[in-house]
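Reading the structure
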Amino acid sequence: MKVNIRLLLLSAILFFTASFSIASPKPAPEDGPVGTLTGTVTDKADGKPIAGATVSIPDLRIGTITDVNGHYTINKLPKGVYLLQVKFIGYATFNQRIDFTKTTSLDVQLQISSIETGEVVITGVSKATEIKRDPVPMVAVGKNFIDQRSASGNVIDEIANLPGISAVTTGPNVSKPFIHGLGYNRVVTAEDGIRQEGQQWGDEHGIEVDQNSIDRIEVIKGPASLSYGSDAIGGVVNLITPTPVPDGKILGSVQGIYGTNQGLMNGSFRLYGNQNGLVWGTIISGKEAKDYRDPHDGRVYGTGYKEGDARAMIGLNKSWGYSYLNASIFDDFQEIPDGSRDSLTRQFTRQITDADTYRPIVPESILNSYNITPLHQHVQLYRIYDNSNFILGNGNLIVNLGYQFSHRREYTHPTEIDIPGLNLHLATYTYDVKYNFNMGNDFETTAGINGQYQNNTIGGATVFPIPAYHQFDIGPFFIVKKSLGKLDLSAGARYDSRSITEQAAYVDTTNASYPTLVGQNPTTGTNVYKQFNALSKTFSGATGSFGATYNFSDAFLLKGNIARGFRAPSIAELSANGADPGSQIYHVGNNDFKPEFSVQGDIGAFLTLPNVSASVELFDNNIQNYIFQEQLLDANGNPQRVNPDGSPNPNGIYSKFGYVQSKARIDGGEFYIDIHPLPWLHFANSLTLTYGTNLGNGGHEPDSLKYLPFIPPLHTHSELRGTFAKGFGSFKSAYAFVGFDHYNAQDRFFAAYGTETYTAGYNLLSAGIGGDLVNAAGKKVVEIFIEGTNLANVTYQSNMSRLKYFDNATVPAGVQPGIFNMGRNISFKVVVPFDLSAHPKS
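**Looking at the overall build of the chain**
- Broken down by element type, the chain carries five helices and 46 strands.
- In terms of overall dimensions, the chain has a C-alpha envelope of 80 × 55 × 55 Å along the principal axes.
- Per-residue burial for the chain yields a buried fraction of 57% across its 842 residues.
- Intrachain contacts of the chain at a sequence separation of at least 6 include 67% that bridge at least 24 residues.
- Only carbon and sulfur atoms are counted for the fraction: they give 59% of the accessible area of the chain, which is about 33300 Å².

Right, here's the structure in full:
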């Protein structure tokens, strides 16, 4: 009930804030709208109109679609210079900055191109910017790319195959993004620029976002502390929801996905409208899956899930700017695997009592059931946020405000299924206010301040890995960009401060299976002990960035960037002292930690020719006070296994890990070449290499300590793809591809204390086909996407999968321990679009 009251109060606050913003005095007429931009989009080769091209202004979040005559109209445009983008499949993207004070008509000729160029990003920049002109390493993918990855179990898996990006996984529905070997609290995941906060320190804590609600993903591959503050030392993944539909339109779709491996069923409904700038939309989704299977283990017990999601948006898009109020609910039931097996048959077993003296083999009826097992996580995230952009003076005032409430419960008591083992409540208020303007001689400048306030409470549980705490982050910053002909320069600076206040906590263990929190500083109680000490800490640091891009020609450019990053330790790294059931780890923190600081250099070369595109990107990242976990040993030198209360038990279900701090270096590169022997044929190849070295704190490190944990191995991806924009008869925008992925053996691993083990290399085969079915009038009726992954049904373990280490404490000789990755999976995705717009009478 308290949660609902909080949500209602915050909803009211944000609603009235947005309403006040929308209803605030409008600019005087001389500062008001210029009017309308009109034009026609045609094929440069034959001059024929292009119907269905997207014409948009990313900074203003407005756009339209060309009609059958290639004509477009965008109304209520403000004064100022903005980037106009025109896109259509099979053509080179058109990008041009337009001064709407002087231009009211613009005809655009698109040129047929085999090469995808002109990608524009809005993440971490003052204005919409072409990726090729920004010195910071970035990558972006749109809805077509996402749709064609229909076999992905979550939104992070959809991008985990891109160069420089990977994911630490705990089964098919839990993935945490890693960028250049950095993840957890070093990568900020945001939705529409609002940072995601959901206890991301946890190994098995995934990203609480409905994958069906995301139409675009932009990734900053390197320190982004300048724009996003602490925790962005490794980069940013910005998940972007659908943009408003054109004025006068009400558009929607119904989609369904079926996956053969888990029997995945994923359905989603969306409806968006725009009436004279009053925009609104909703997306409702649900998915469920059984335990996945692989050729070595069969069905893997404890990997099923059920998820329900909903979101709604309402706002205004006018000549003075825009303001959108968003609300969403994420509700996920995720089973908890532990890998326990029968010692003779190696079949999976399950815990049936708290005493855990005997575990029966899991029957096939449970392995093949959609019912969630008694031991599971229940993760809910309630989110309300407002994105506003006000045209003010000669610039834009951007205000992003958000509230999130993350409720994470992990049920670990098989005989008391309503009592959560873990119960965390995290409320987060985020703020981001910045003003973009031109300073002096056309210096694009951004000055702003952002941060967050958090309140985490514990209780109503039986294990307590982290304490209750308050946290406040604040960081003022500025960024300046300047174009000097072919040279683009960018620089900025920031100062961050994070304050953490932790509450002491005491636990009563009179009932050993069900410990409880008791009042502050009890003076009596024979079974009471202190779980957490009171703590107050403040961390601060300065960061900065400088970069340049030089366009030698339209075909070749060089870019370089150097940035200093900052990250304050997370609450888990400082003060953890308890079991996390979902990860099977008993965490131990260290409140003497210092903040991390990094210096990363990036350099890249990019070539774009009519039939070939290629790039080389190199990075080198040196990190001071790098924090990571290592397995703790007992008095006999064996990895510690403990009970939920931390007491030693050689057969305990929890491994005990402690956080440590060291100097580190992560370097590597990405190499990409895309050859187009025919206009419709692509042969894309990429290679990603990442090395992570533990430099220690002075002196030579032994081989077992030489490398960092969770560093992806050398990875190559090759894809032969045919793209047929005009299609075949009624089948339009057709595509087909075959992909091959090679992962080297990972023999550079953190071997000390049994923390990591050697991982063999493997090869994976994938394929896909799809397109649009249209009616006689050329209107899209159905979109079809089919994707197959691990088609050869290879038995393999990824070093980035945490399930690799889930098994009995003792494994028979000659048996490969751990759980293997998913086997063959074929997914079928069908999207049925519909149009409820009012059509003019003939």
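**Here's the deal with the pairing of strand β35 (residues 577-580)**
- Relative to strand β36 (residues 585-588), β35 runs antiparallel, the two sharing four bridges. Residue pairing for β36: Gly 578 is matched across the bridge by His 587.
- Hairpin connection, β35 to β36: the antiparallel pair is bridged by four residues, and Gln 584 has positive phi, about 60 degrees.

**Here we look at a nonpolar patch on the surface**
- A cluster of nonpolar residues, Val 254, Phe 269, Ile 284, Val 830 and Val 832, forms a patch on the protein surface that exposes about 370 Å² of accessible area.
- Mapped onto the fold, Val 254 is located in strand β17 (residues 250-259).
- Judged by its relative accessible area of 41%, Val 254 falls in the partly exposed class.

**Focus: the packing of aromatic side chains**
- The tally for this structure, following the rule as stated, stands at 24 aromatic pairs.
- For the pair Phe 269 and Phe 834, a centre-to-centre distance of 6.2 Å together with 25 degrees between the ring planes defines the contact as stacked. You can see Phe 269 sitting in strand β18 (residues 264-275) and its partner Phe 834 sitting in strand β46 (residues 825-835), a full 565 residues away along the chain.
- On the basis of relative accessible area, Phe 269 is assigned to the partly exposed category, the value being 31%.
- Residue classification places Phe 834 among the partly exposed positions, given a relative accessible area of 26%.
- What links up through ring pairs into an aromatic cluster is the set Phe 178, Tyr 184 and Phe 710.
- Positioned above the aromatic ring of Tyr 322, the side-chain terminus of Arg 61 is 6.0 Å from the ring centre.
- Above the face of the Phe 785 ring, Lys 829 is positioned so that its terminal group lies 5.9 Å from the ring centre.

**Quick look at the environment of Ser 801**
- Along the chain, Ser 801 falls in the loop between β45 (780-789) and β46.
- Judged by relative accessible area, Ser 801 falls into the buried class, the value being 3%.
- Expressed as a C-alpha distance, the spacing of Ser 801 and Asn 821, which sit 20 residues apart in the sequence, is 7.7 Å.

**What about the nonpolar core?**
- Counting residues in hydrophobic clusters, the biggest one holds 30 residues, and the most contacted among them are Leu 424, Ile 458, Phe 464, Ile 466, Ala 572 and Tyr 659.
- Not counting residues up to four positions away in its chain, the partners in contact with Ile 466 are Gln 199, Trp 201, Leu 424, Asn 456, Ile 458, Phe 532, Ile 571 and Ala 572.
- Counting residues in each nonpolar core, the second largest holds 22 residues, with Ala 53, Leu 60, Ile 74 and Leu 84 among its members.

**As for the sheet that holds strand β5 (residues 81-87)**
- Strand order in this open sheet of four strands is β3-β2-β5-β6, and the pairing throughout is antiparallel. In this open sheet, the two edge strands, each paired with only one partner strand, are β3 (62-65) and β6 (94-99). The sheet shows a mean angle of 20 degrees between the axes of neighbouring strands, taken without regard to direction.

**Let's talk about the environment of Trp 320**
- Relative to the helices and strands, Trp 320 is located in the loop between β22 (305-318) and β23 (321-335).
- On the basis of relative accessibility, which here comes to 9%, the residue Trp 320 falls in the buried class.
- C-alpha of Trp 320 to C-alpha of Phe 390: the two residues are 70 residues apart in sequence and 6.0 Å apart in space.

**Some details on the sheet that holds strand β10 (residues 138-141)**
- What the five strands build is an open sheet, ordered β10-β15-β16-β13-β14; its pairing is mixed. The two strands at the open ends of the sheet, each matched to only one other strand, are β10 and β14 (194-195).
- Bridge analysis of β10 against strand β15 (residues 216-220) gives four bridges, and the strand direction is antiparallel. Each residue of the ladder has a partner; that of Val 141, found in β15, is Ile 217.

**Some thoughts on the pattern of salt bridges**
- Within this structure, the stated rule accounts for 33 salt bridges.
- Residue Asp 147 pairs with Lys 829 through a salt bridge whose shortest N-O separation is 2.7 Å. You can see Asp 147 sitting in helix α2 (residues 143-147) and its partner Lys 829 sitting in strand β46, a full 682 residues away along the chain. The two residues Asp 147 and Lys 829 agree in class, both being buried.
- The residue Lys 434 makes a salt bridge to Asp 432 at a minimum N-O spacing of 3.5 Å. Of the two residues, Lys 434 and Asp 432, neither departs from the other in class, the shared state being buried.
- Each of Arg 195, Glu 197, Asp 231, Asp 473 and Arg 498 takes part in a single network of salt bridges with overlapping partners.

**Quick look at the side chain of Glu 783**
- Relative to the elements of secondary structure, Glu 783 occurs in strand β45.
- The exposure class assigned to Glu 783 is buried, which follows from its relative accessible area of 11%.

**Quick notes on unusual backbone geometry**
- In this structure, Asp 231 takes a positive phi of about 85 degrees despite not being glycine.
- Taking the relative accessible area as the measure of exposure, Asp 231 reaches 3% and is therefore buried.

**Description of the pairing of strand β34 (residues 556-567)**
- Pairing analysis gives eight bridges linking strand β33 (residues 535-551) to β34, with the strands arranged antiparallel. Note on β34: the bridge partner recorded for Tyr 550 is Leu 558.
- If you look at the hairpin formed by β33 and β34, you'll find four residues sitting between the two strands.
- Sheet topology places β34 next to strand β37 (residues 596-608); 12 bridges connect them, and they run antiparallel. Of the residues in β37, the one forming a bridge with Ala 563 is Gln 600.

**Observations concerning the confidence of the model for the chain**
- Residues at a pLDDT of 70 or more form 94% of the chain, whose mean pLDDT is 90.
- Ignoring residues within four places in sequence, the model shows residues 1-32, a span with pLDDT below 50, making 27 contacts including any to other chains.

**A few points about the side chain of His 407**
- Its place among the elements puts His 407 in strand β25 (residues 395-411).
- Reaching out from His 407, the side chain makes a polar contact with the side chain of Asn 423 at a distance of 2.8 Å.
- In this view, His 407 contacts His 378, Val 379, Gln 380, Asn 423, Leu 424 and His 425; residues no more than four positions away in its chain are not counted.

**A look at the environment of Gly 259**
- Within the element layout of this structure, Gly 259 appears in strand β17.
- In the structure, Gly 259 is positioned 47 residues away from Asn 212 in sequence and 15 Å away in space, judged by C-alpha atoms.
- Not counting the four nearest positions on each side in its chain, Gly 259 is found in contact with Leu 264, Asn 825, Ile 826 and Ser 827.

Reading the values: the criteria
- Residues numbered from 1 in each chain as written.
- Predicted model: local features only at pLDDT ≥ 70, side-chain atom pairs only at ≥ 80, totals over all residues.
- Heavy atoms only, no water.
- Helix = DSSP H or I, 4+ residues; strand = E, 2+ residues; numbered from the N terminus.
- Buried < 20%, exposed > 50% of the residue type's maximum accessible area, 1.4 Å probe, protein only.
- Contact = heavy atoms within 4.5 Å.
- Areas by Shrake-Rupley, 256 points an atom, 1.4 Å probe, with all protein chains shown as cover.
- Pairing = 2+ DSSP bridges.
- Patch = residues over 30% accessible without salt bridge, like charges linked within 9 Å, V, L, I, M, F, W, Y side chains within 5 Å.
- Salt bridge = Lys/Arg side-chain N within 4 Å of Asp/Glu carboxyl O.
- Phe/Tyr/Trp six-rings, centres within 6.5 Å; stacked < 30°, edge-to-face > 60°.
- Lys NZ or Arg CZ within 6 Å of the ring centre and 35° of its normal.
- Core = buried A, V, L, I, M, F, W, Y, C linked by side-chain atoms within 4.5 Å.
- Axes fitted to C-alpha atoms, helices over the stretch in contact; angles between N-to-C directions.
- pLDDT = per-residue confidence, 0-100.
- Polar contact = N/O pair within 3.5 Å; in protein donor to acceptor, adjacent residues only side chain to side chain.

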